[in-house]
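# Structure at a glance
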Amino acid sequence: DSGVTQTPKHLITATGQRVTLRCSPRSGDLSVYWYQQSLDQGLQFLIQYYNGEERAKGNILERFSAQQFPDLHSELNLSSLELGDSALYFCASSVVPYGNEQYFGPGTRLTVT
Amino acid sequence: AQSVAQPEDQVNVAEGNPLTVKCTYSVSGNPYLFWYVQYPNRGLQFLLKYITGDNLVKGSYGFEAEFNKSQTSFHLKKPSALVSDSALYFCAVRPLNAGNMLTFGGGTRLMVKP
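Residues numbered from 1 in each chain as written. Chains lettered and ligands numbered in written order. Predicted model: local features only at pLDDT ≥ 70, side-chain atom pairs only at ≥ 80, totals over all residues. Heavy atoms only, no water.

## Comments concerning the overall build of chain A
This is how it is decided: Working definition: helices are DSSP H or I runs of at least four residues, strands are E runs of at least two. Numbering for both runs from the N terminus. For this measure, only C-alpha atoms enter the radius of gyration; the expected value for a globule follows 2.2 Å times N^0.38, where N is the number of residues. To sort residues, take the accessible area from a 1.4 Å probe on protein chains only and compare it with the maximum for the residue type: under 20% means buried, over 50% means exposed, and anything in between is partly exposed. Whether two residues are in contact is decided by their heavy atoms, any of which lying within 4.5 Å being enough. The Shrake-Rupley method, run with a 1.4 Å probe sphere, supplies the accessible areas, and residue values consider only the shown protein chains as cover. In this tally, Lys and Arg are treated as positive and Asp and Glu as negative; His is ignored, and so are the chain termini. Charged side chains are reduced to one point each, which is NZ for Lys, CZ for Arg, CG for Asp and CD for Glu.
Of the regular secondary structure elements, chain A holds zero helices and 11 strands. Going residue by residue from the N terminus, the α and β elements of chain A occur as β-β-β-β-β-β-β-β-β-β-β. Whereas a compact globule of 113 residues would reach a radius of gyration of roughly 13 Å, chain A reaches 13 Å, a difference of no more than 12%. Expressed as lengths along the three principal axes of its C-alpha atoms, the size of chain A is roughly 35 × 30 × 25 Å. Here chain A, with 113 residues, has 50% of them falling under the buried criterion. The contacts in chain A between residues at least 6 apart in sequence include a share of 55% that link residues at least 24 apart. For chain A, the computed accessible surface area is about 5400 Å², with 47% contributed by carbon and sulfur atoms. Distance between charge centroids for chain A: 3 Å, based on 8 positive and 11 negative side chains.

Below you can see the structure in the form of structure tokens.
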């Protein structure tokens, strides 16, 4: 168990809908990262937050947004969902923004029908 | 832009035999290199990392990796494979000056047969 928690574990929703994925980092970790894992795109970095501020952006669609709250938990919001958004979404955390290893949560499996 | 290649989609090895999972990378400057393992229905687990120093890095569960700058490789190795090592393995790189975002390879499925 990495200490990173993600909810929900599974999410099934329809196209056009909006969902929110939640992540709580390991105790003491200030930086949170979101990744998307899909069969065709592999594992891709989406976005990073550090202590409430956006730190780095990867291949994140404009329909997606994220934030990190004062208690350091983070939420990833996915809107106007398309079939291709079906994937496993991972959250990871590290102590500092340039910290070495990242610790991953168990993921949220999103299925868009 | 940085990239990571894992040339083998799957590696098959018999239990007790040595295993190697290959990884090559392309990055500007000095890289930070990582190996992660993913078991079915689980998140990624950190195995080991190379930052600087000794080219042979030892990690969790008896795994080690060798950094080769001239060949831009970071192959994962284990002297004696276990059936329980069967999983999906990811190599990742973080360029020195690119924040902490990781670029992952496509993954290699390791199958260890009894």
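Next comes the rest of the description.
## Quick word on the sheet that holds strand 7 (residues 64–68) of chain A
All names here are of chain A. Basically, it comes down to this: Pairing between strands requires that DSSP locate at least two bridges from one strand to the other. Interaxial angles span 0 to 180 degrees and are taken between N-to-C directions of axes, which are lines fitted to C-alpha atoms, for helices over the stretch in contact.
Strand order in the open sheet formed by four strands is 1-3-8-7, and the pairing between neighbours is antiparallel. Edge strands, defined here as strands with exactly one partner in the open sheet, are strand 1 (5–7) and strand 7. The mean inter-strand angle of the sheet, taken between neighbouring strand axes irrespective of direction, is 15 degrees. Bridging between strand 1 and strand 3 (residues 19–24) involves three bridges; their strand directions are antiparallel. Its bridge partner being in strand 3, Thr7 is matched across the sheet by Arg22.

## Remarks on the pairing of strand 9 (residues 87–94) of chain A
Residues and elements named next belong to chain A. The element strand 9 is largely enclosed, with a buried count of eight among its eight residues. By the alternation rule, side chains of strand 9 split into Ala87, Tyr89, Cys91 and Ser93 and Leu88, Phe90, Ala92 and Ser94, which are all buried. When strand 4 (residues 31–38) meets strand 9, the two strands line up antiparallel, connected through seven bridges. By the bridge assignment for strand 9, Ser31 is matched with Ser94. As judged from the three bridges shared by strand 9 and strand 11 (residues 108–112), these two strands associate in the antiparallel manner. Across the sheet, residue Leu88 finds its bridge partner in strand 11, namely Arg109. As judged from the two bridges shared by strand 9 and strand 10 (residues 103–104), these two strands associate in the antiparallel manner.

## So, the nonpolar core
Residues and elements named next belong to chain B. Filter applied, for reference: By nonpolar core we mean a set of buried residues, namely Ala, Val, Leu, Ile, Met, Phe, Trp, Tyr and Cys, connected to one another through side-chain atoms within 4.5 Å.
Core analysis: the largest hydrophobic core is formed by 28 residues, its most contacted members being Trp35, Leu47, Leu48, Phe74, Leu76 and Tyr89. At the level of elements, strand 2 (10–14), strand 3 (19–21), strand 5 (31–38), strand 6 (44–50), strand 8 (64–68), strand 9 (73–78), strand 10 (87–95) and strand 12 (108–113) are the ones that each hand at least two residues to this core. The biggest single contributor to this core is strand 10, with four residues. Not counting the four nearest positions on each side in its chain, Phe74 is found in contact with Cys23, Leu33, Phe34, Trp35, Leu48, Lys49, Tyr50, Ala65, Glu66, Phe67 and Cys91.

## Observations regarding the pattern of salt bridges
Side chains bearing opposite charge may pair, as long as their charged atoms lie close to each other. To keep it simple, the criterion reads: We define a salt bridge as a side-chain nitrogen of Lys or Arg found within 4 Å of a carboxyl oxygen belonging to Asp or Glu.
A full pass over the atoms with the stated rule returns seven salt bridges over all chains. The partner of Asp85(A) in a salt bridge is Arg63(A), and the shortest N-O contact between them spans 2.8 Å. Highlighted residues: Asp85(A) in the loop between strand 8 (74–78) and strand 9 and Arg63(A) in the loop between strand 6 (53–57) and strand 7, separated in sequence by 22 residues. Across the pair Glu101(A) and Lys49(B) runs a salt bridge whose closest N-O atoms are separated by 2.7 Å. Note that Glu101(A) is positioned in the loop between strand 9 and strand 10 and Lys49(B) in strand 6, a pairing that runs across two chains.

## Considerations on the interface of chain A and chain B
The line we're drawing: Buried area is understood as the total, over both parts, of accessible area removed when two parts are fitted together, assessed with a 1.4 Å probe. Side-chain atoms alone can form a polar contact between residues adjacent in sequence; in general such a contact is a pair of N or O atoms within 3.5 Å, and within protein one must be able to donate a hydrogen while the other accepts it. Classification used: nonpolar for Ala, Val, Leu, Ile, Met, Phe, Trp, Tyr, Cys and Pro, charged for Asp, Glu, Lys and Arg, polar for all others including Gly.
Of the residues lining the interface, 19 residues belong to chain A; the matching set on chain B comes to 17 residues. Here chain A meets chain B over a buried area of about 1500 Å², counting both sides, of which 55% is carbon and sulfur. On the chain A side of the interface with chain B, the three residues burying the most area are Leu43(A), Asn100(A) and Phe104(A), jointly 32% of the side's total. Remark: the boundary between chain A and chain B carries one salt bridge. Joining chain A to chain B, the criterion identifies four residue pairs in polar contact (both at pLDDT 80 or more). Only strand 4, strand 5 (42–50) and strand 9 of chain A provide two or more residues apiece to the side of chain A that touches chain B. Looking at side-chain class alone, the side of chain A that touches chain B contains 11 nonpolar, seven polar and one charged residues.

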